[in-house]
Amino acid sequence: MAQDKKMVEAITPMSVDFAQWYTDICKKADLIDYSSVKGCMIIRPYGYAIWENMQHILDTKFKELGHENVYMPMFIPETLLEKEKDHVEGFAPEVAWVTMGGNEKLTERLCVRPTSETLFCEHYANIIKSYRDLPKLYNQWCSVVRWEKTTRPFLRSREFLWQEGHTMHATAEEAREETLRMLNVYAKFHEQDLAIPVIEGCKTPSDKFAGAEDTYAIEALMHDGKCLQAATSHYFGDGFAKAFDIKYTTKENTLAYPHQTSWGCTTRMIGGVIMTHGDDNGLVLPPAIAPIQVIIVPVAQHKEGVLDAAYKLRDVLLSADIRVKVDDSEQSPGWKFAEYEMKGVPVRIEIGPRDIEAGQCVVAMRYNMEKTSVSLDGIVDTIKAKLVEARDGMYKKALENRERRTYDCTTIDEINEALSKGDGFIRAMWCGEETCEDEVKAKTGAGSRCIPLVQERISDRCVCCGKPAKSLVYWGKAY
RNA sequence: CGGGGUGUGGCUCAGUUUGGUAGAGCGCUUGGUUCGGGACCAAGAGGUCGGGUGUUCGAGUCACCUCACUCCGACCA
């Protein structure tokens, strides 16, 4: 068996057409189907199970940190959306409107939420009266609508699932801490659970969220060298509080505006997982979010004892809280191998007459396609170790890809030369002027991605104008 | 929103140049043989050709309109 051979003919190879490869995986791994409305996708059970696993990990973490889940309406009256000027200007081009109720024209049109800052603010204005009411740490899981012009499954759909945290704090310091705390939650989730290395950073002023004082984000590098903003966390200061007249009485009996944050991540993360870990045989899922962590494929299952051994093995693993399944369908073993590789199941166990006789089974790892025979004694510990190994191996591979595609540059020419070898992260110094930011993008195609929290000084001069540099910036072509 | 590509059984596509009885492979159903990398044989079911309007004796095929998907740009989670 040649391990480097492409075993699934149905998927367009990455090297031939990365975009096509991506959509092939979305469809062939049964993650999504298209619906009859442009940009609105059907998330199928296998895709949704991935989302549920992501949700569960994050939701648990949010609650540990004191956040409470709520649900806000999906409609925002136009006047409410318009209360914060920058915010409405940022979102107006992509909101969907409801203008009719039944057969009657509404007196005020309703926006289908693109994000819920305004709704939270309206509510907070009603319930925050005293410093004793702070902080307010709310989160909601819902879908939002943004009328995108071009759409792609998970990466850019008109309706997408997400989580939005909205918090209110007595002081700016507290709110700033919260902003970074949640950014870190996202970063850890990506690195630990999704095995995706990320850069934590701050957006440049031109790239900030509409209405935010500071926008932070985590940026990941995909297999093709393009960047993906994987999650964001915003510090709002008291701008919205002022616009929505949210005031509380302090201990000293004075009136003050609270300071606000919001932070979110979306089903786009599934796209990030696909484009970070996937290969020409299909999806490769990190164990933490894989709906099936271990697939057991019985070989010659009609022979006596084979299925029983498979079920027994399943039960042992199940009792150790491993998400495991036996595929006892009538398909051939080869078909099953290919099928679960396409679906990215991290670990496959083959068990047939030869194994049973030897007290063994075959364990195949999805991320590197390695196959080994292991003893059935102590199988739980073996498989647990394999799942850890899968996460670590995937992370290492992704990090190597990022490092291979990260270039330090001090001039525009160097950027262009670096990018001629393939897309990736460009690290270069910046003076802080928007004109330079625009010029870099115009001349190289690489936009500013973020100002990393961990700063280094790779030169004293701006990569564009040559004036004294303020900060190191990551640049790249983005999804 | 600009530029390309594609819409024909569930899926992938041929047929469109030159208008004349709707095709293939895969999948599906049934029966049998198989089973350590997408098995094989036999029989069977399944399509108003994305939608609309027009031209024509006759349209999957020609014209116009429209919708969707997809790729490449600009904008965005």
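This is a predicted model, so every value here is computed, not measured.

Caption draft 1: Broad picture of the sheet that holds strand E20 (residues 406–408). In spatial order, the strands read E3-E7-E8-E14-E11-E10-E9-E22-E23-E21-E20; together these eleven strands make up an open sheet with mixed pairing. Edge positions in the sheet fall to strand E3 (68–69) and E20, since each of these pairs with one other strand and no more. Docked against the sheet, helix H14 (residues 434–444) engages strand E21 (425–430), strand E22 (447–452) and strand E23 (471–476), running at close to 150° with respect to E21.

Caption draft 2: Molecular detail of the packing of aromatic side chains. Tallied over the entire structure, the rule returns twelve aromatic pairs. Taking 6.1 Å as the distance between ring centres and 45° as the angle between the ring planes, the aromatic pair formed by Phe120 and Tyr124 counts as tilted. With Phe120 and Tyr124 both in helix H5 (residues 117–127) and four residues apart, the pair spans about one turn of that helix. Judged by centre distance (4.9 Å) and plane angle (75°), the rings of Phe236 and Phe240 are edge-to-face. According to the relative accessible area criterion, Phe240 is buried, its value standing at 0%. Through a chain of ring-to-ring contacts, the aromatic side chains of Phe91, Phe209, Phe236, Phe240 and Phe244 assemble into a single cluster. Positioned above the aromatic ring of Trp97 is the side chain of Arg109, whose terminal nitrogen or guanidinium carbon lies 3.9 Å from the ring centre.

Caption draft 3: Structural context of the protein's contact with RNA strand B. In the neighbourhood of RNA strand B, 49 residues make up the surrounding shell, with Tyr34, Lys38, Arg156, Trp335 and Asp355 lying closest. A breakdown of the atoms of RNA strand B within 4 Å of the protein gives sugar and phosphate a share of 37%. Thr266 has a polar side-chain atom sitting 3.3 Å from a base nitrogen of RNA strand B. In the environment of RNA strand B, a base oxygen lies 2.7 Å from a nitrogen or oxygen atom belonging to the side chain of Arg348.

Caption draft 4: Inspection of the pairing of strand E9 (residues 199–202) at higher detail. Bridge count between E9 and strand E10 (residues 214–221): four bridges; the pairing is antiparallel. Residue pairing across strands places Glu200 opposite Ile218, the latter belonging to E10.

Caption draft 5: Quick peek at the packing of helix H9 (residues 306–318) against helix H12 (residues 379–404). Taken N-terminus to C-terminus, the directions of H9 and H12 make an angle of 65°; their axes are 10 Å apart at the nearest point. Compared by their axis directions, H9 and H12 come out roughly perpendicular. Once H9 is placed against H12, the crossing between them reads as right-handed. When H9 is examined against H12, the residues Leu313, Val316 and Leu317 are found in contact with a partner set consisting of Ile379, Val380 and Ile383.

Caption draft 6: View of a nonpolar patch on the surface. Taken together, Tyr71, Met74 and Phe75 make up a surface patch of nonpolar side chains, about 300 Å² in accessible area. Tracing the chain through its elements places Met74 in the loop between E3 and strand E4 (75–77). Take Met74: its relative accessible area is 33%, and that puts it in the partly exposed class.

Caption draft 7: Structural detail: the packing of helix H2 (residues 45–64) against helix H8 (residues 268–277). Axis separation between H2 and H8 bottoms out at 10 Å; the angle between their running directions is 110°. Viewed along their axes, H2 and H8 adopt a mutual orientation that is roughly perpendicular. Of the residues in H8, those touching H2 at Gly47, Ile50, Trp51, Met54 and Leu58 are Met269, Ile270 and Val273. Classifying every residue of the contact of H2 with H8 gives seven nonpolar, one polar and no charged.

Caption draft 8: Main features of the state of the cysteines. Per the counting criterion, the structure on display carries zero disulfides. Of all cysteine sulfurs, the one in Cys40 lies closest to Cys26, which takes part in no disulfide; the gap is 15 Å. Assessed through its relative accessible area of 0%, Cys26 is described here as buried. Of all cysteine sulfurs in the structure, the one in Cys465 sits closest to Cys462, which takes part in no disulfide; the separation is 3.7 Å.

Caption draft 9: Broad picture of the pairing of strand E19 (residues 371–375). Judged from the five bridges that link them, strand E18 (residues 360–365) and E19 form a sheet pairing that is antiparallel. Looking at E19, one finds that Val362 is bridged to Ser373. Following E18, the chain reverses through five residues before pairing antiparallel with E19; Met369 in that reversal takes a positive phi of roughly 65°.

Quick notes on the rules
- Sequence order as written defines the numbering, with residues in each chain counted from 1.
- Written order decides the labels, with chains lettered from A and ligands numbered from 1.
- In keeping with the predicted nature of the model, local features appear solely for residues at pLDDT of at least 70, side-chain atom pairs appear and are counted solely at 80 or more, and the whole-chain, interface and lining totals rest on all residues.
- Derived side-chain values reflect all non-hydrogen atoms in the structure, with water molecules and hydrogen atoms excluded from consideration.
- Strands were regarded as paired on the criterion that DSSP finds at least two bridges between them.
- Counting from the N terminus, the helices are DSSP H or I runs at least four residues long and the strands are E runs at least two residues long.
- Throughout, a contact is declared for two residues whenever any of their heavy atoms are within 4.5 Å.
- Inter-axis angles, ranging from 0 to 180 degrees, are taken between N-to-C directions of lines fitted to C-alpha atoms, where helices are fitted over the stretch in contact.
- Whether two aromatic rings pair depends on their centres lying within 6.5 Å, for rings of Phe, Tyr and Trp, where Trp uses its six-membered ring; planes under 30 degrees apart make the pair stacked, over 60 edge-to-face, and the rest tilted.
- Exposed residues in this analysis have more than 50% of their type's maximum accessible area, buried residues have under 20%, and partly exposed residues fall in between, with area computed by a 1.4 Å probe over protein chains only.
- Here, a charge over a ring is recorded when the distance from Lys NZ or Arg CZ to the ring centre is within 6 Å and its angle to the ring normal is within 35 degrees.
- Think of it this way: one heavy atom of a residue within 4 Å of a molecule or strand is enough to make that residue near it.
- In protein, a polar contact means a hydrogen-donor-capable atom and an acceptor-capable atom, both N or O and within 3.5 Å, with residues adjacent in sequence counting only if both atoms are side-chain atoms; elsewhere, any N or O pair within 3.5 Å suffices.
- Working definition: roughly parallel below 35 degrees, roughly antiparallel above 145 degrees, roughly perpendicular at 65 to 115 degrees, and oblique for all remaining angles.
- Crossing handedness is read from the near helix: turned anticlockwise from the far helix by less than a right angle, it gives a left-handed crossing, and turned clockwise, a right-handed one.
- Patch construction takes residues with relative accessible area above 30% that form no salt bridge. Like charges are linked within 9 Å, and nonpolar side chains (Val, Leu, Ile, Met, Phe, Trp, Tyr) are linked within 5 Å.
- Computed with a 1.4 Å probe, the accessible areas rest on the Shrake-Rupley method; for each residue, only the protein chains presented here act as cover.
- Note on definitions: salt bridges are taken to be side-chain nitrogens of Lys or Arg within 4 Å of carboxyl oxygens of Asp or Glu.
- Each residue receives one of three labels: charged for Asp, Glu, Lys and Arg, nonpolar for Ala, Val, Leu, Ile, Met, Phe, Trp, Tyr, Cys and Pro, and polar for the others, Gly being one of them.
- Two cysteine sulfur atoms form a disulfide, by the criterion used here, when they sit within 2.5 Å.

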